[in-house]
Structures are given as structure tokens and as C-alpha cells.
Amino acid sequence: MTLTLDRGGNEVTLAIALRSDPPPGQGPAGFDTQGELVSYPLPLAVRRAGETIATMAGATAKTIADLLRGSPDAVSVQLVGPLGLKQYSDRALANAVDWGLAYPVLYLGAWLATAVGLVNLLPLPALDGGRIALALVEVVTRRRMPPHLERRLHAGGMVVLLLLLLVLTVRDVAARLI
């Protein structure tokens, strides 16, 4: 694993060998990260929540763009189906119970809502972005697409999305069996 650090404006790159069975209190890289939860007054909490959602939206949009471009940055992205999402939600719920706070579940919910909303805006048939793209084509050409053709286009898009869901689910199941 490669770790890049910013030391006062100087970039330092370290190669780290991950351990499969680290000693207690140490992570696979030889250190363990600890976070600190901070409570904010309501007005500041609302502002921070908005900033966090904006950051999530930006990161999600960048990830989608990287995936579409085939960027090397997208190699680490792990698309998951319903079972993978359940594993994430189970982890968030366990953290919420351990910490006695709803934060992990609320954060996961905000992240999922943001990601689903942005993906829904992609210009693919069966998604809202596909409908927007077709509407723009109709505005530019000043011709309405025949309704039967539009229905077939969106039905084909739905089939592709359902097949993607099936592939992701099969991959999730296979990952749990291996």
C-alpha cells in the first residue's frame, strides 16, 4: 500500500506492507486510527451537515466521472449490490449501538441518498437523467419522440439496470462464500 502525506506543503510517499494479523491496538499498517466525535450547537451542526453533504456529493460525482472515464482512480471503487449495502448498514448500526449515537446510521443514510440522487441524474434510459436527456433532445430537434419508442428505450434501460443489480448481487454472494 502506498501512503502519501502532506508535510508542510511537501509531499512524502511511503510504501507500507500490510500485516494480516496485527498485534492488539495496531492496525494492518502498524498504526490504528481513532476518531473523535464532537457535538456542535444546532446552527453550527446544520452548517457542518450541509458542508458534509456537499463534500459527499462532490466525491460521489468525481467517482462517477472517474468510472465513466475509466480513470485509474476508479480502480479502488467497489460497487456493491443489496447484500453489500446490508453489510455497510450492519456495520453502521453496530457502531451506532457501540457509541450510543445515531451518527453512523444518519451518515450512511445521507451518503446513500446523495449517491442515489446523483446516479439517478445520469443520462441513462429508465433514470430521471435519461428522461431529462430525451426532453432536451426534443427541445433541440423540436420534435417529440414517438411514445412507443420512448417506452421501449426506457424498458431496455430498466432491463440493463436490473441485470446490473443481478450481477452485483451474485458478486456479493460469491464474495461471502469465498
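Here's what I pulled together on the structure shown here. (Residues numbered from 1 in each chain as written. Predicted model: local features only at pLDDT ≥ 70, side-chain atom pairs only at ≥ 80, totals over all residues. Heavy atoms only, no water.)

The next point concerns the packing of aromatic side chains. Evaluated as defined, the whole model comprises one aromatic pair. Consider the rings of Tyr 103 and Tyr 107, whose centres lie 5.7 Å apart with planes at 40°: the pair is tilted. Placement of the pair is Tyr 103 and Tyr 107 together in helix α3 (residues 103-120), with a separation of four residues, close to one helical turn. (Phe/Tyr/Trp six-rings, centres within 6.5 Å; stacked < 30°, edge-to-face > 60°. Helix = DSSP H or I, 4+ residues; strand = E, 2+ residues; numbered from the N terminus.)

Right, let's get into helix α5 (residues 147-177). Compared with an ideal rise of 1.5 Å per residue, which puts 31 residues at 45 Å, α5 spans 45 Å between its outermost C-alpha atoms and is within 8% of the ideal. Taken together, the buried positions of α5 are occupied by Glu 150, His 154, Gly 157, Leu 168 and Asp 172. Elements in contact with the buried residues of α5: α2 (82-99) and α4 (128-141). (Expected span 1.5 Å × (residues − 1). Buried < 20%, exposed > 50% of the residue type's maximum accessible area, 1.4 Å probe, protein only. Contact = heavy atoms within 4.5 Å.)

Our next topic: the layout of surface pockets. Estimates place the volume of the largest pocket at around 1,200 Å³. Forming the boundary of the largest pocket are 29 residues, of which Leu 79, Val 80, Val 119, Leu 164 and Leu 168 lie nearest the centre. Sorting the residues of the lining of the largest pocket by element identifies α1 (42-69), α2, α3 and α5 as the ones contributing at least two each. Counted by class, the lining of the largest pocket contains 23 nonpolar, six polar and no charged residues. (1 Å grid on protein atoms, 1.4 Å probe; cavity = no way out; pocket = protein on both sides within 12 Å on 5 of 7 lines; lining within 4 Å. Points joined across faces, edges and corners; volume = space filled by probe spheres on them. Nonpolar A, V, L, I, M, F, W, Y, C, P; charged D, E, K, R; others polar.)

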